[in-house]
Amino acid sequence: MEINNTIKYALLIEYNGNDLVGWQKQNEGISVQSSLEDAAKNIFNEEFEIQGSGRTDAGVHALGQIAHINLPKGHRLTSRHPFYIISAFNSLLRDSNIRVISTKPVKAEFNARFSAIKRFYKYRILCRAAPPGLDKGKVWHFRKKLDISLMQEGVKYLIGKHDFTSFRTIKCQAKSPVRTIDEVSFSCEGEEVIMRVSAKSFLHSQVRIIAGTIVKIGDGTWDPEKILTILKGKNRNLAGPTAPADGLYLERVKYPENLLNDTWPIIYDSQLYN
């Protein structure tokens, strides 16, 4: 498709990652990327490449994944309200756990991955004896009480620019282990402890390893200062386990205002757009 004959759209996407191999298309299994590209091909009868803001792992969920796609100008869908684009996608995605929530045209220079200036993740930990019923597959079930004041004290050592070798998997393909964590916070919501982490970018499984490590502070196994020792050791074996994918959510992605602001069209029933 000639780029001059297209309009670039940003897509706001949510998905339940339980039955997915992650964002990126792979040789086996269902991915978010391949599902969206297959839907676009069915809608527009052309091949498409859809790029997302980040490659969430198998089992990881998203509340605010962002992607971009170049759609043909003058098509009956791109000539009308965004309602018709998201409805076409969601009709074909109805048997999956993937949904396009909203969409809007963006500048040609917008790139869902490379234009992002901050990514926000949250991690849900259900702290009780009884396993989850309604939220099965959506939280990490942890059978001990956690002290979030100790956890907050421990993560202070992670804030800022560090070598996070101890907090990435051996499969991580990043050229450098150095990353800058902007913020880590904790809150209690009923029986859940919620950890929120923000940074421009993350290493492979970094947030999950942080979660798996910080619960050892919260349950009293380690002192908060242990985090500093783990960081300085630059050895994955020093940190805690990789927490389950079930509890991790890509919450939102921030971009420069001139490329993509946080205001998305809230789309209702079709009769409003006829």
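Below is a short write-up of the structure.

Conventions we followed
- Residues numbered from 1 in each chain as written.
- Predicted model: local features only at pLDDT ≥ 70, side-chain atom pairs only at ≥ 80, totals over all residues.
- Heavy atoms only, no water.
- Helix = DSSP H or I, 4+ residues; strand = E, 2+ residues; numbered from the N terminus.
- Buried < 20%, exposed > 50% of the residue type's maximum accessible area, 1.4 Å probe, protein only.
- Polar contact = N/O pair within 3.5 Å; in protein donor to acceptor, adjacent residues only side chain to side chain.
- Salt bridge = Lys/Arg side-chain N within 4 Å of Asp/Glu carboxyl O.
- 1 Å grid on protein atoms, 1.4 Å probe; cavity = no way out; pocket = protein on both sides within 12 Å on 5 of 7 lines; lining within 4 Å.
- Points joined across faces, edges and corners; volume = space filled by probe spheres on them.
- Nonpolar A, V, L, I, M, F, W, Y, C, P; charged D, E, K, R; others polar.

**Details of the side chain of Q206**
Part 1 of the argument: Along the chain, the position of Q206 falls in helix α4 (residues 206-218).
Part 2 of the argument: Note on Q206: relative accessible area 0%, which makes it buried.
Part 3 of the argument: Here the side chain of Q206 touches L203 through a polar contact of 2.8 Å, landing on its backbone nitrogen.

**Topic: the pattern of salt bridges**
Part 1 of the argument: One pass over the full model with this rule turns up 11 salt bridges.
Part 2 of the argument: Across the salt bridge formed by R252 and D262, the nearest N and O atoms sit 4.0 Å from each other. In this pair, R252 sits in strand β10 (residues 248-254) while D262 sits in the segment after β10, placing the two residues 10 residues apart along the sequence.
Part 3 of the argument: Given the relative accessible area of 38%, R252 is considered partly exposed.
Part 4 of the argument: A single network of salt bridges, built from pairs that share partners, joins R124, D135 and E192.

**Comments concerning the layout of surface pockets**
Part 1 of the argument: Taken as a whole, the largest pocket holds about 1,100 Å³ of empty space.
Part 2 of the argument: For the largest pocket, the lining is made up of 32 residues, of which R55, D57, F202, L203 and H204 are closest to its centre.
Part 3 of the argument: For the lining of the largest pocket, the secondary-structure elements that each account for two or more residues are β5 (118-127) and α4.
Part 4 of the argument: For the lining of the largest pocket, the element with the highest residue contribution is α4, accounting for three residues.
Part 5 of the argument: Looking at side-chain class alone, the lining of the largest pocket contains 13 nonpolar, 11 polar and eight charged residues.
Part 6 of the argument: There is about 180 Å³ of room inside the second largest pocket.

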